[in-house]
Amino acid sequence: MREEPPARNLAGLGRAELAAELASLGAEPFRVRQLWHWIYHRGACDFAAMTTLAKSFRDMLAGRYRLERPRISRVAAASDGTRKWLLSFEDGEEVETVFIPEEERGTLCVSVQVGCTLHCTFCHTGTQRLVRNLRAAEIVAQVMVARDELGEWPSPREERGLTNLVLMGMGEPLYNYENVASALRIVMDPEGLAISRRKITLSTAGVVPMMRRCGAELGVNLAVSLHAVRDEIRNRLVPLNRKYGIAELLDACRNYPSAKNARRITFEYVMLKGINDGEADAKELVRLIAGIPAKVNLIPFNPWPGAPFECSAESAIRKFSDIVFAAGYAAPVRAPRGRDILAACGQLKSASRRSKAGAWARPAA
Ligand code: SAH
């Protein structure tokens, strides 16, 4: 017996793809908007729930398509309220998605690749080789799963738990630009998930040639993983620096469109004991970013098993922060969140590739 080809999953498609599917069925164009509303505003997982559509049309859709989320294969909850989901895609590859609740906002940290090609020496994800890029639908699905888990459908207009999105999980967003851009267009659509570009931050280790496009086409906030102020040290920490050095990277930041509109660029700076955390480093940082509307996020190094670095002393972090602050930049020290479940910055790594499952639990059935 010949096997039927698997039905296409409509969840995660963009407007044009959805329109093309519906056109192939001979459905009228206004159906696109109706389906969009059900998928991305209401979060429907089932065609039967789409009560504004004629029953015959729902049945036809159900006969040809699926509406599915990736499987949650593990969940973990940290003592500080941070939640982490390990999602498993159709080919069995996995990524982690982390939700970080705070007083005034809730931030979802999504992954864009399985593994990473950058191999930054202080990053746990970097010890895992790149397996593949995520498709746009797989990036969007992380937001949808979080909304499911937080019970936030229909997409709330205000009083949301999930308010902000950061592309700071596994992978380098500007090395998977097309899929990231398609995903963000879906996520930002005001008739659906409706997370505005002002609430979205894309973090890059500095893929300079893609930064301009990202600014012009997406207009999201930019975070740059700087981590060092001298090329020779940054080369060691972020090997990509050998391709695009600090001067070139900061030029691209100066030209990032939002910087011209005084929207601040975030510089991420991981605090590594004895490597990049001296007073001279802080002073050089201030000199380098002069003229860029900026904020410096100091990230205490989050350790992972076998990591070749240590976190800077609290006093060094404070001194560093004071110097940057005195020069007129916000320089908050990022409170490590979810460290007890290895959900903090740089600790993400697919559990299937870890030797031990650690703090993971199986999801409740
Ligand atoms: N590739 C992109 C997106 C990943 S963002 C980028 O590099 O920006 C993940 C952030 O966590 C980056 O700023 C990264 O440098 C930081 N990070 C990685 N490992 C870390 C660790 N062990 N402790 C603290 N921060 C870390």
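These numbers were taken from a predicted model, which means no experiment stands behind them.

Enquirer: Report on the domain arrangement of the chain, specifying residues and quantitative values.
Expert: Each domain of the chain was delimited in the assignment, giving domain 1 (8–66) and domain 2 (71–363). Here the C-alpha centroids of domain 1 and domain 2 sit 33 Å apart. Facing the 14 residues of domain 1 at the interface are 13 residues of domain 2. Interface area for domain 1 against domain 2, summed over the two sides, is near 1,200 Å², with a carbon-plus-sulfur share of 53%. A per-residue breakdown of the area domain 1 buries against domain 2 is headed by Trp36, Tyr40 and His41, which together make up 46% of the total. In this structure, glutamate 90 engages arginine 66 in a salt bridge whose closest nitrogen and oxygen atoms are separated by 3.3 Å. At the junction of domain 1 with domain 2, the criterion picks out 9 residue pairs in polar contact (both at pLDDT 80 or more). Its residues assigned to classes, the side of domain 1 that touches domain 2 comprises 5 nonpolar, 5 polar and 4 charged.

Enquirer: Can you tell me about empty space enclosed by the protein, naming the residues and giving the values?
Expert: In total, this model carries 1 cavity of 30 Å³ or more according to the counting rule given. In this structure, the largest cavity occupies an estimated 30 Å³ of space. In terms of lining, the largest cavity is formed by Val110, Ile139, Val143, Leu165, Leu167, Ala183, Leu184 and Val187. Broken down by secondary-structure element, the contributors of at least two residues to the lining of the largest cavity are α4 (136–150), β9 (164–167) and α5 (177–188).

Enquirer: I'd like a rundown of the layout of surface pockets, residues and numbers included.
Expert: Over the atoms, a rolling probe the size of a water molecule traces out where space has been left empty. In this structure, the second largest pocket spans a volume of roughly 430 Å³. The set of elements that each furnish at least two residues to the lining of the second largest pocket consists of β1 (8–9), α4 and α5. For the lining of the second largest pocket, the element with the highest residue contribution is α4, accounting for 5 residues. Residues belonging to the lining of the second largest pocket are distributed by class as follows: 9 nonpolar, 6 polar and 9 charged. Mapped onto the domain boundaries, the lining of the second largest pocket takes at least three residues apiece from domain 1 (8–66) and domain 2 (71–363).

Enquirer: So, the nonpolar core: which residues are in play, and what are the values?
Expert: With 110 residues, the main nonpolar core has Ile39, Phe122, Leu165 and Phe267 as its most contacted residues. Top contributing element to this core by residue count: α5, with 8 residues. Here this core gathers at least three residues from each of two domains, domain 1 (8–66) and domain 2 (71–363). Contact partners of phenylalanine 267, with chain neighbours within four places excluded, come to Val224, Leu226, Leu250, Cys253, Ile289, Ile292, Ala294, Lys295, Val296 and Asn297.

Enquirer: I'd like a description of α4, backed by residues and values.
Expert: Compared with an ideal rise of 1.5 Å per residue, which puts 15 residues at 21 Å, α4 spans 22 Å between its outermost C-alpha atoms and is within 8% of the ideal. With 12 of 15 residues buried, α4 is to be regarded as a mostly interior element. Listed as buried for α4 are Ala136, Ala137, Glu138, Ile139, Val140, Ala141, Gln142, Val143, Met144, Val145, Ala146 and Arg147. Glycine 151 sits one or two residues past α4 and shows a positive phi near 65 degrees.

Enquirer: Give me the lowdown on the environment of aspartate 59, citing residues and values where you can.
Expert: Tracing the chain through its elements places aspartate 59 in helix α3 (residues 55–64). Taking the C-alpha atoms as reference points, aspartate 59 and phenylalanine 47, separated by 12 residues in sequence, lie 7.6 Å from one another.

Enquirer: Which residues make up the confidence of the model for the chain, and what values do they have?
Expert: On average, the chain scores 91 in pLDDT, and the residues at 70 or more come to 92%. Overall, residues 354–358 carries pLDDT values under 50, and its contacts beyond four positions in sequence, including any with other chains, amount to 9 contacts.

Analysis parameters
- Throughout, residues of each chain are indexed from 1 in the direction in which the sequence is written.
- The predicted nature of this model means local features are confined to residues of pLDDT at least 70 and side-chain atom pairs, given and counted, to a pLDDT of 80 or more, with totals for whole chains, interfaces and linings taken over all residues.
- Hydrogens and water are ignored here; the side-chain numbers use all heavy atoms of the structure.
- An automatic or database domain assignment is the source of the domain bounds shown.
- Note on contacts: a residue pair is in contact if any heavy atoms of the two residues lie within 4.5 Å.
- Buried area is a sum: the accessible area each of two parts loses on coming together, probed at 1.4 Å, counted once for each and added.
- Definition used for salt bridges: Asp or Glu carboxyl oxygen within 4 Å of a side-chain nitrogen of Lys or Arg.
- Nitrogen and oxygen atoms within 3.5 Å of one another constitute a polar contact, given that in protein one can donate a hydrogen and the other can accept it, and given that sequence-neighbouring residues count only through two side-chain atoms.
- Lys, Arg, Asp and Glu make up the charged group, whereas Ala, Val, Leu, Ile, Met, Phe, Trp, Tyr, Cys and Pro make up the nonpolar group; the residues left over, Gly among them, are polar.
- A 1.4 Å probe that fits into a set of points on a 1 Å grid over the protein atoms alone but cannot get out defines a cavity; an open set with protein on both sides within 12 Å along at least five of seven lines defines a pocket, and lining residues are those with an atom within 4 Å of a point.
- Grid points are joined across faces, edges and corners, and a volume is the space filled by probe spheres set on the points.
- Counting from the N terminus, the helices are the DSSP runs of H or I reaching at least four residues and the strands are the DSSP runs of E reaching at least two.
- Among buried residues, those of type Ala, Val, Leu, Ile, Met, Phe, Trp, Tyr and Cys that are joined through side-chain atoms within 4.5 Å constitute a nonpolar core.
- Partly exposed residues are those whose accessible area sits between 20% and 50% of the maximum for their type, while under 20% is buried and over 50% is exposed, using a 1.4 Å probe and protein chains only.
- How far a helix is expected to stretch is found by multiplying one less than its residue total by 1.5 Å.
- Values of pLDDT, ranging from 0 to 100, describe the predictor's confidence in every residue of the model.

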